[in-house]
Amino acid sequence: MSLSKDSTSMASVAESLLTSISEIIESVTSIEQEKENFAEIGCYLYRVFPVIMELQTTEHTPKNVMEILHSLSKSITEAKYLVCKCQRGTNSNFDSELKSTISLLERAIQDMGECLTLIPSSAFQDQEYAEVAVQALSNEMRSAHFEVGQSQVLQTKELDPHKSFYEEEPNEEPVMVESDLYPVTLEVSRDNSLGLITPHFTEFQKPTTLNRQRRKSSSSSSSSSLLKMAEYVEPMYGAFFCPLTKQIMDDPVTVQSGVTYDRKAITEWLEESENSQEIFCPITGQKLLSRVLRTNVALKTTIEEWKERNEVARIKCLPFSFSFVRFTIDRDVHYEVLELLRELTKDDDDSKMVISEMVDISTVIKMVSSGHQPVRHAALLLLLDISRSQSLWKKIGSVPGGILMLIRCKYNLSVDAFSSEKADEILKNLERSPQNIKLMAENGFLEPLLKHLIEGAGEMQTEMAEYLGEIALGQDSKTYVAERASPALIKMVRSGNTLTRSAAFKVLAQISSDHPNAKTLAKYGIIQIMVEEMLTRRINGELINSKSEAAAILANLFEAGLDLENLQVNSHGRVLAPDYVLYNIIDMIKHSTPDELNINLIRVLLCLTKSPKSMGTMASMVKEIEASYTLVELLNNPHEELGVVAMKLLIALIPYMGHSIVERLCRTEGQPENLILGQNESGRITQKQAVSAKFLAKLPRQSLTLNLALLSKNTVPAILQQINQIQRAGMRTSRYATPYLEGLVGILVRFTTTLYEPQILFLARKYNFTSIFTEMLMKTSCDEVQRLSAIGLENLSLESINLSKAPEIKKTKFLKLFYPPKFLSFSSSKKRKQRVCPVHRGACSSQNTFCLVDAKAVERLLACLDHENVEVVEAALSAICTLVDDKVDVDKSVGMLCDVNAMQHVLNVVKEHKGEGLWQKSFWLIDRFLAKGGNRSASDISRDRLLPSTLVSAFHHGDIDTRQMAEKILRHLNKMPDFRTSHYTM
């Protein structure tokens, strides 16, 4: 038989035995005759239960496991039959048959004990405790003996008020309490002097929770019976009870009459009789001459030992009781076990500690999310009891996901109010541990942490701030922290304590990174404090760089879009824009400072560039102290982020000092080529690449110095290669792909502004710039690339008229004499004539003369006129305008444009857009078509119904150039009188 089949067979037999044992235990609790004997039988079977379960689940299964299980099965089946027989017995001979039945049950128990001896030591491995327990159980069961009709009777006897609690009847001996690992003996003393009373003891202790609802299903009934077994305790003696309270005494004291009471109870009774002249013993009625209470040491010690023995006995059952939870899905079993555990944790912290060591807390926590409400409530109540012990706070909190489940339960108030309340109480207990507070915050419950941060002092505040700084907060959490803790955190920054300041800075940096929090933080005066920290505060020997931290926080706040024009930064009302703030920041950048501080200082300046007033002041100061040199030098800094922010600031300064930046850049070692040819080991487009390309593209395009520097370092092939890679891979390969492509195309465009330089002209021809820009008009969905491509085509087209040369003049008749006649010529008679460009009147090509007609760029430029982006439309219109310039053959050019329906595109531009620049270029083109296009163009233009109203609007509201253009077209269309040709007569 295969291993799999053996395992299946073993599991089947074991499950059958466990079911039978449960049914037997359920049955014995309902048999009224010989209750003690049947209770003992049930206890033996209960103790066999975990042994079978261990055989089923152990990793070291003995080879003879099936032999053991089959032997047990035979005895258990017989016991089940006999117990059921007794349960059904109602005939007249039942009493006579009972003795023989119990005798047979005795034999079945003994046989089970013999079966347990078959378990080899190897099955237990290093679990010595389990081996000893099983051996003890085996010995007991093999020597089991039940006496019918001689079972001990539990009696209730009233206390004799004339006897001391410790008087003993003669001829009676107290029974020794069993001290085995699993005590089951139910014999109790019938010593009348001990006053044993029934209400305090039965064969199986009553359920720990009063008014417990009885289950109807057989499985739940059996589980309840099993747990009753686990709840067995040593009998309680009458001497343990206070005659006043009828409760077990905690501190027994003896009065003058010799009667022992609980100290609290007799003290209260004596206080009530304080005004009486005579005091009597409440039990004996004897007059008490003294109020002295003597501790009954012997009885007190006996009671304490009794409690300890019972606690140990009950706790020993826990591992097996709790294994019901692990190996069953019966929710009633779960509930009963949780109730039992909770009962055992009520006494003291030691009990809670023992329970926590023997029980898997994570299993209890899992039950908090049970769909069965009683189980969920019982688990929460158990956790609540355990959480009151200081030594267990960390243990509960360390359960993975435990605190998260409790938080979830706390916030489910509308679903289960009781669970929400108890979960909240548990969390309040657990928050006494700082580590648990951190775990709560990590799981979204920030209130305990913020409470200690705001209300705490000294080390507690610092510790909470450190925790908060370590947690990655979500956006909602950052907002909540900003609203609740900002004043406390800002106060901590000003405290002067290094550790406290460092922790507070870290939290403020995190919450300020969420832009919606900027106004909240500004409201509490953080900007004033951070500016002072950045510019003026000095603390000798401080380990943290408060200037860098303050600059980072300021940068976060300013990047959120705060109004910087009138932002107060100190108590004297000084606003941020004044020269002293900018001067100090720029001066700090110029002088050697740490990279992180430089990054944050430049971030602050970048925010200030959004203010025109501050931008002008900043540019003047940068020029004055020559800080641009420092900024350019930072481009070579290995810290990538520092280089990026430095380039961004230089880009903002280009309109004010572009040529100075170019001069410094070209004098810096490794520049400008490193901005293009710099190594990128990741293979992905980085932010630095994108910003570098944009920086080079934004520098003055007409700078021949920079253009020649780029050319001499052979950067163009690398630029074209990168453009091709991006076009092949697509824009979605990187978040920086689009700005990088825009920058690369912008660098190519800058070469088209200095075509007068032979080297650059040769470059544009060599790489066929006209074709490159033409293709990019349609091959990209990026507006800026289309705009730049159109600008590049415009610049190239302006140079076409200068590059296009007329065809060579035919050879003279004198030279023809030296050539043979045509019919004798060996050359091809089909030799083509050199084509002449109708627009530029010479030999043209897209590569050599940059002719837009030859490059078939006209149609693509016209398509761009339908673009939604005004800047793209204007750039395309400017490129088209180069084809009707005065230097070209305007008549033929207009005719060529009419053939491709150009005028309709231009008229659509006039209707769709209202910008002055677009209107001027559009009106200029329309005027050229009216002047050179003949009747065809005039007809097309005059049929447009919206054009006259647009012209009238431009005539009334446009600037002077637009009005003049509009007026000229209106005259062409006879919509205005032509005063220049009119003649007046009197």
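Further up the page is the structure itself.
Note that this is a predicted model, so its numbers are computed, not measured. (Residues numbered from 1 in each chain as written. Predicted model: local features only at pLDDT ≥ 70, side-chain atom pairs only at ≥ 80, totals over all residues. Heavy atoms only, no water.)

Points about the sheet that holds strand 1 (residues 252-254)
Phase 1: In space, the three strands of this open sheet follow the order 2-1-5, with antiparallel pairing throughout. Strands with a single pairing partner mark the edges of an open sheet, and in this sheet they are strand 2 (260-262) and strand 5 (294-295).
Phase 2: Note: strand 1 against strand 5, two bridges, orientation antiparallel. When the bridges of strand 5 are listed, V253 appears paired with T295. (Pairing = 2+ DSSP bridges. Helix = DSSP H or I, 4+ residues; strand = E, 2+ residues; numbered from the N terminus.)

Observations regarding the nonpolar core
Nonpolar side chains tend toward joint burial in soluble globular proteins.
Phase 1: Within the largest apolar cluster, 180 residues are counted, with the highest numbers of intra-cluster contacts made by I602, F695 and I926.
Phase 2: Counting residues per element, this core draws most heavily on helix 29 (residues 640-667), which supplies 14 residues.
Phase 3: Each residue touching F695, except ones within four places of it in the same chain, is listed here: L635, M647, L650, I651, I654, I661, L665 and L675.
Phase 4: The next biggest cluster of nonpolar side chains, apart from the first, holds 83 residues, and it includes L72, V359, A378 and I396. (Core = buried A, V, L, I, M, F, W, Y, C linked by side-chain atoms within 4.5 Å. Buried < 20%, exposed > 50% of the residue type's maximum accessible area, 1.4 Å probe, protein only. Contact = heavy atoms within 4.5 Å.)

Notes on the pattern of salt bridges
Phase 1: Tallied over the full model, the rule gives 21 salt bridges.
Phase 2: For R787, the salt bridge is made with E784, and the minimal N-O distance between the two is 2.8 Å. Of this pair, R787 and E784 both sit in helix 37 (residues 783-803), three residues apart, which is roughly one turn of that helix.
Phase 3: We classify E784 as partly exposed; its relative accessible area is 21%.
Phase 4: Here the salt bridges do not stand alone but share partners, grouping D251, R263 and K300 into one network. (Salt bridge = Lys/Arg side-chain N within 4 Å of Asp/Glu carboxyl O.)

A short note on the packing of aromatic side chains
Phase 1: Under the criterion given, the structure shown has three aromatic pairs.
Phase 2: Taking the centre distance of 6.1 Å and the plane angle of 75° together, the rings of F769 and F773 count as edge-to-face. Here the residue F769 and the residue F773 both occupy positions in helix 36 (residues 769-779), the gap between them amounting to four residues, near one helical turn.
Phase 3: Overall, F769 belongs to the buried group, its relative accessible area being 1%.
Phase 4: We classify F773 as buried; its relative accessible area is 0%.
Phase 5: Geometrically, the ring pair formed by W919 and F923 is stacked, given 6.0 Å between the ring centres and 25° between the ring planes. In this pair, W919 and F923 are both assigned in helix 43 (residues 916-932), four residues apart and thus about one turn of the helix distant. (Phe/Tyr/Trp six-rings, centres within 6.5 Å; stacked < 30°, edge-to-face > 60°.)

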